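An overview of the molecular structure
Chain by chain, the residues run as shown.
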Amino acid sequence: MNIPLLDLTKQYQSIKQEIDQAVIHVLEKGSFILGEEVGLLEKEIASLCGASYGIGVNSGTDALLLSLMAYGISREDEVITTPLTFIATAEVIAMLGAKPVFVDINPKTFNIDVEKIEQAITKKTKAIIPVHLYGQMADMDPIMDLAKKYNLIVIEDAAQAILSEYKGKCSGSIGHTGCFSFFPAKNLGAYGDAGMILTNDKDVAERLKMLRNHGSRIKYQHSLLGCNSRLDEIQAAVLRIKARHITKWTQTRRQIANRYNESLADIPWLTIPFEEEWNKCVYNQYTLKVQYRDKFQKHLSEAGIPTAIHYPMPLHLQETFSCLGYKQGDFPESEKACSEVISLPIYPELTDEQRDAVVAGIRSFEL
Ligand SMILES: Cc1ncc(COP(=O)(O)O)c(C=O)c1O
């Protein structure tokens, strides 16, 4: 049986007519950058997620970068985040000349360990970037409490977590800003790069709109140092169509995750994902912990079951961050996770037969 790790063509086929019409509409109108579609998408996503303002940008990476820029993060500043994430989370901190300061994860949720954040705060700390990894939100209440106590900015990296919830609030709506990636493989994926920032602060929203467009509010007048991070009309039109389906797709992802959980919970050599009772995870990834991960992955690959590792190396051990002076052993839980995690195929179009074949492949593994 053919089981892709992700099947974007199948999703396209299911909404082809709507998508084609929307794209043709943009082509016929002939307005391609920051037009009507972008404005409407910003309003629709902000309202879907319970935030006041949405600012479309051209990637999740830029959503994070511009958020830091909007709060003036620069040289000498420190920003706290997790080492178990995609490079972009810490890359943007370093790109502004600030220092990424890592805090280990809670091994149950894979998210930043809120018990360990306070000891990493110094006089130079300006912000915290919690990452809602795999689609489950970090423990936001203690993070927001610390932010208040130490006057810090909180930028949610919700790249993998659109529509996930923490105590009834949507990802991206709790911090000072929330950042989404619409990379094609995300739960709400464009047909190219795209991203969005949410905020409840009108002034910050205005600043972000300028920053994404060369620091300009009026053409050829530049009051801030910005960049080109505008969102295309075609991507916005595609995303507006997909946004109509995202609630249903999210429910299906959760159903598939539940079925995986039921079928795998009794296997002693693996650990199924743990979802906090106050969280609603949207399963951008369904990630197991397995002791003999590499052997297990080879076994599944031979059985025709594709898997992915998110991530094989924590950020504090990446060559590009060697200048930060971290070493092996500094964040044992993140390092352990990197040797144990493995993600299974999960997407709304995955059939029951495909899911059952994945489970059968897992069950046929012998230690
Ligand atoms: C946790 C996390 N942060 C940031 C990003 C960056 O998003 P983009 O690829 O849209 O720039 C990603 C994308 O994979 C991500 O997973």
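See above for the structure.
Residues numbered from 1 in each chain as written. Predicted model: local features only at pLDDT ≥ 70, side-chain atom pairs only at ≥ 80, totals over all residues. Heavy atoms only, no water.

Thoughts on the sheet that holds strand β13 (residues 279–280)
Across the sheet, three strands lie side by side as β7-β6-β13; this open sheet has antiparallel pairing. Across the chains shown, the open sheet's two edge strands, defined by having one partner strand only, are β7 (169–170) and β13. Pairing between strand β6 (residues 165–166) and β7: two bridges, direction antiparallel. In the strand pairing of β7, Y166 is matched with K169. (Pairing = 2+ DSSP bridges. Helix = DSSP H or I, 4+ residues; strand = E, 2+ residues; numbered from the N terminus.)

Here we look at the pairing of strand β3 (residues 99–102)
Relative to β3, strand β2 (residues 78–81) runs parallel, the two sharing four bridges. Residue I80 lies in a different strand from β3, and its bridge partner there is V101.

Concerning the nonpolar core
With 36 residues, the main nonpolar core has Y260, L264, Y286, L288, L344 and I362 as its most contacted residues. Elements represented by at least two residues in this core include exactly α8 (246–264), β14 (286–290), α9 (293–302), α10 (332–340), β15 (341–344) and α11 (352–363). Here the element with the most residues in this core is α8; it accounts for four residues. Lining this core are residues from two domains, each supplying at least three of them: domain 1 (8–104 + 111–243) and domain 2 (246–363). Among the nonpolar cores identified, the runner-up in size contains 24 residues, and A161, M196, A236 and L239 belong to it. (Core = buried A, V, L, I, M, F, W, Y, C linked by side-chain atoms within 4.5 Å. Buried < 20%, exposed > 50% of the residue type's maximum accessible area, 1.4 Å probe, protein only. Domains from an automatic or database assignment.)

Let's talk about unusual backbone geometry
Omega for the peptide link from H310 to Y311 comes to 15°, which places this bond in the cis form. Its location among the elements puts Y311 in the loop between α9 and α10. At E76, a position not held by glycine, the phi torsion is positive, near 80°. At Y134, a residue that is not glycine, the phi angle is positive and equals roughly 65°. Looking at the element boundaries, Y134 is found in the loop between β4 (125–129) and α5 (140–150). Owing to a relative accessible area of 4%, Y134 belongs among the buried residues under this scheme.

Considering the environment of A120
As for its position among the elements, A120 is in the loop between β3 and β4. Non-local contacts of A120, meaning those with residues more than four positions away in its chain, are made with I80, V101, V103 and T125. (Contact = heavy atoms within 4.5 Å.)

Regarding the packing of helix α3 (residues 60–70) against helix α6 (residues 202–211)
Between α3 and α6, the shortest axis-to-axis distance is 10 Å and the interhelical angle comes to 120°. Between α3 and α6, the angle is such that the two are oblique. Classified by chirality, the crossing of α6 by α3 is right-handed. Here α3 contributes L66, S67, M69 and A70 to the contact with α6, which in turn contributes V204, R207, L208 and L211. (Axes fitted to C-alpha atoms, helices over the stretch in contact; angles between N-to-C directions. Parallel < 35°, antiparallel > 145°, perpendicular 65-115°, else oblique. Left-handed = near helix turned anticlockwise from the far one by under 90°.)

Observations regarding the sheet that holds β15
Pairing is antiparallel in the open sheet, where three strands are placed in the order β12-β14-β15. Only two strands of the sheet have a single neighbouring strand rather than two, namely β12 (270–271) and β15. Bridge count between β12 and β14: two bridges; the pairing is antiparallel. Residue T271 lies in a different strand from β14, and its bridge partner there is K289. Lying on the sheet, α9 is in contact with β14 and β15; it crosses β15 at an angle near 20°.

Overview of the side chain of S67
Within the fold, S67 resides in helix α3. Setting aside chain neighbours within four positions, we find S67 in contact with I155, T177, C179, I197 and L208.

Some points on the packing of aromatic side chains
Enumeration over the complete set of coordinates arrives at 14 aromatic pairs. Relative to F321, the ring of F102 has its centre 6.1 Å away and its plane inclined at 65°; by these criteria the two rings are edge-to-face. Taken together, the residues F102 in strand β3 and F321 in the loop between α9 and α10 connect sequence positions 219 residues apart. The two residues F102 and F321 agree in class, both being buried. Aromatic ring contacts, followed pair by pair, group F102, F321, Y326 and F331 into a single cluster. (Phe/Tyr/Trp six-rings, centres within 6.5 Å; stacked < 30°, edge-to-face > 60°.)

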